[in-house]
Amino acid sequence: MMNTRYVHGYSDREALRLNDQADTLDNIIHNDTIFSKDSLVLEAGCGVGAQTKIIAKKNPDSNFMSVDLSEDSISEAQKLIKALNINNVEFRQADIYNLPYKDETFDNVIICFVLEHLHNPKQALNELKRVLKNGGKIIAIEGDHGSAFFYPDSKYAHSAIDCLIQLQRQSGGNSNIGRELYPLLNSIGLSGISVSPRMVYVDASRPQLVEGFIKNTFTAMIEGVGEKVIKQGIVNRSNFKKGIKDLYRTAQPDGVFSYTFFKGYGTKN
Ligand SMILES: C[S@@+](CC[C@H](N)C(=O)[O-])C[C@H]1O[C@@H](n2cnc3c(N)ncnc32)[C@H](O)[C@@H]1O
């Protein structure tokens, strides 16, 4: 089954972008994604396995059940994990709103870059909480497009970013959900909630992030929705192209780019 509401779509280019994003951000967002030995972990919305391959390798003594709505993404993820000889992951097609698991099945749950796409993130989190054991943790990781700033500044670049925010809103999602993680985790009654900002700061002294983040993750994501937002009349082609050009401009030797992800932890008890 294909989830047509996913704004970035399910193309090969998007799969590549998700993998670039995960590899680039590994140390920033997963440095502390560590589960105790023998944990059974649900990864909700695993997509093509871009995070799966990182968290499963980091936690060789845990077992992962990774689910996604898209069967095509699941089969991509399966191929990737097999090619990498990772043996502690099982995949299953499932809807986060209606998980095929009994109450209190998992020791921990992780959900990364998915809540922003959902029309009812609170309902989804409640379903994740249902399948979590008492004492278990939910880890939620999200971006927030309102956190992007850069040099040289450009109104066209901001307006191109805003196009994705609007498109996401029209599909029932929220590109600025990072700032809402604390209230969301609080609203489902978790305890010991802690949210940490994970800033990605890029200038020419960090060439890997110039390629991996400015170009291949962030600008590729905005560029990827170009045809959709132009077709929907959210922006005209010429202004959108200027915005993309100005985003790439920040990857020049005198350019600077900053973006903040948010990682939240909360415990069920
Ligand atoms: C941006 S991708 C993130 C994938 C992966 N977590 C990563 O970070 O690379 C969002 C994923 O959420 C999945 N998704 C959206 N709604 C879902 C739902 N109701 N149930 C399960 N998966 C869903 C989409 O199919 C897509 O694979």
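Relevant structure appears above.
A few points on the structure. Here the structure is a predicted model, which is why all the values come from computation and not from measurement.

### Overview of the pairing of strand E1 (residues 40–44)
The element E1 is extensively covered by neighbouring structure, given that four of its five residues are classed as buried. Where E1 and strand E2 (residues 63–68) come together, five bridges link them in parallel fashion. Residue pairing across strands places Leu42 opposite Met65, the latter belonging to E2. Direction of pairing for E1 relative to strand E4 (residues 106–112): parallel, over a ladder of four bridges. Paired with Val41 across the strands is Asn108, a residue of E4.

### Some points on the site of the ligand
Around the ligand lies a shell of 20 residues, among which Tyr10, Gly45, Asp68, Asp95 and Cys112 are the nearest. Between the ligand and the protein, one listed contact pairs a nitrogen atom with a backbone N or O atom of Gly45 at 2.7 Å. Considered on its own, the ligand offers 590 Å² of accessible surface; in the complex 97% of this is hidden by protein. Its residues assigned to classes, the shell around the ligand comprises 13 nonpolar, five polar and two charged.

### Let's talk about the packing of aromatic side chains
Counted according to the given criterion, the structure contains 11 aromatic pairs. On the basis of an interplanar angle of 55° and a centroid distance of 5.1 Å, the ring pair of Phe218 and Phe257 is categorised as tilted. Residue Phe218 is located in helix H7 (residues 207–224), and its partner Phe257 is located in strand E8 (residues 256–267); the two are separated by 39 residues in the primary sequence. Among the aromatic residues, those joined into a cluster by ring pairs are Phe113, Phe150, Phe213, Phe218, Phe257, Tyr259 and Phe261.

### A closer look at the pairing of strand E3 (residues 89–93)
Sheet topology note: the E2/E3 ladder contains five bridges and is parallel. What sits directly across from Phe64, in E3, is Val89. Each parallel crossover has a hand, and for E2 linked through helix H3 (residues 71–83) to E3 it is right-handed.

### Regarding the packing of H7 against helix H9 (residues 237–249)
For any two helices packed against each other, one specifies the crossing angle of their axes together with the interaxial distance. One can describe the packing of H7 onto H9 by two numbers: an axis separation of 10 Å at closest approach and a directional angle of 170°. One element, H7, and the other, H9, form an angle in the roughly antiparallel class. Touching Ile214, Lys215, Phe218, Thr219, Ile222 and Glu223 of H7 are Phe240, Ile244, Leu247 and Tyr248, all from H9.

### Overview of helix H4 (residues 121–130)
The set of residues buried in H4 consists of Pro121, Ala124, Leu125, Glu127 and Leu128. Looking straight down H4, one finds its buried side chains confined to an arc of 155°; they lie on one side. On its buried side, H4 packs onto E1, E4, strand E5 (132–142) and helix H6 (181–187).

### Let's talk about the side chain of Thr24
Structurally, Thr24 is set in helix H1 (residues 12–29). Within the structure, the side chain of Thr24 is placed 3.5 Å from the backbone oxygen of Gly212, a separation counted as a polar contact. Residues contacting Thr24, with those up to four places away along its chain left out, are Leu209, Gly212 and Phe213.

### Regarding the pattern of salt bridges
Counted by the stated rule, this structure contains 14 salt bridges. With a shortest N-O distance of 2.9 Å, Asp32 and Arg198 are connected by a salt bridge. With Asp32 in the loop between H1 and E1 and Arg198 in strand E7 (residues 191–203), the pair connects residues that are 166 residues apart, well separated along the chain. Residue classification places Arg198 among the buried residues on the basis of a relative accessible area of 11%. The salt bridge partner of Asp254 is Arg249, with a shortest N-O separation of 2.9 Å. Here Asp254 falls in the partly exposed class, since its relative accessible area comes to 42%. Bridged by salt links that share partners, the residues Asp32, Arg198 and Lys263 form one connected network.

### Focus: H3
For H3, built from 13 residues, the straight-helix expectation of 18 Å at 1.5 Å per residue is met to within 8% by its first-to-last C-alpha distance of 18 Å. If you check which residues of H3 are buried, you get Ser73, Ile74, Ala77 and Ile81. Projected onto a plane normal to the axis of H3, the buried residues spread over an arc of 100° and lie on a single side. In H3, the exposed positions angled more than 90 degrees off the buried face are occupied by Lys79, Lys82 and Ala83. Looking at the buried side of H3, the elements it contacts are helix H2 (52–58), E2 and E3. Trailing H3 by a residue or two, Asn85 shows a phi angle of about 60°, which is positive.

The rules we used
- Residues numbered from 1 in each chain as written.
- Predicted model: local features only at pLDDT ≥ 70, side-chain atom pairs only at ≥ 80, totals over all residues.
- Heavy atoms only, no water.
- Buried < 20%, exposed > 50% of the residue type's maximum accessible area, 1.4 Å probe, protein only.
- Helix = DSSP H or I, 4+ residues; strand = E, 2+ residues; numbered from the N terminus.
- Pairing = 2+ DSSP bridges.
- Near = heavy atom within 4 Å.
- Polar contact = N/O pair within 3.5 Å; in protein donor to acceptor, adjacent residues only side chain to side chain.
- Areas by Shrake-Rupley, 256 points an atom, 1.4 Å probe, with all protein chains shown as cover.
- Nonpolar A, V, L, I, M, F, W, Y, C, P; charged D, E, K, R; others polar.
- Phe/Tyr/Trp six-rings, centres within 6.5 Å; stacked < 30°, edge-to-face > 60°.
- Right-handed = clockwise from strand over helix to strand, strands pointing away.
- Axes fitted to C-alpha atoms, helices over the stretch in contact; angles between N-to-C directions.
- Parallel < 35°, antiparallel > 145°, perpendicular 65-115°, else oblique.
- Contact = heavy atoms within 4.5 Å.
- Arc of directions from axis to C-beta.
- Salt bridge = Lys/Arg side-chain N within 4 Å of Asp/Glu carboxyl O.
- Expected span 1.5 Å × (residues − 1).

What is shown is where atoms sit, not what they do.
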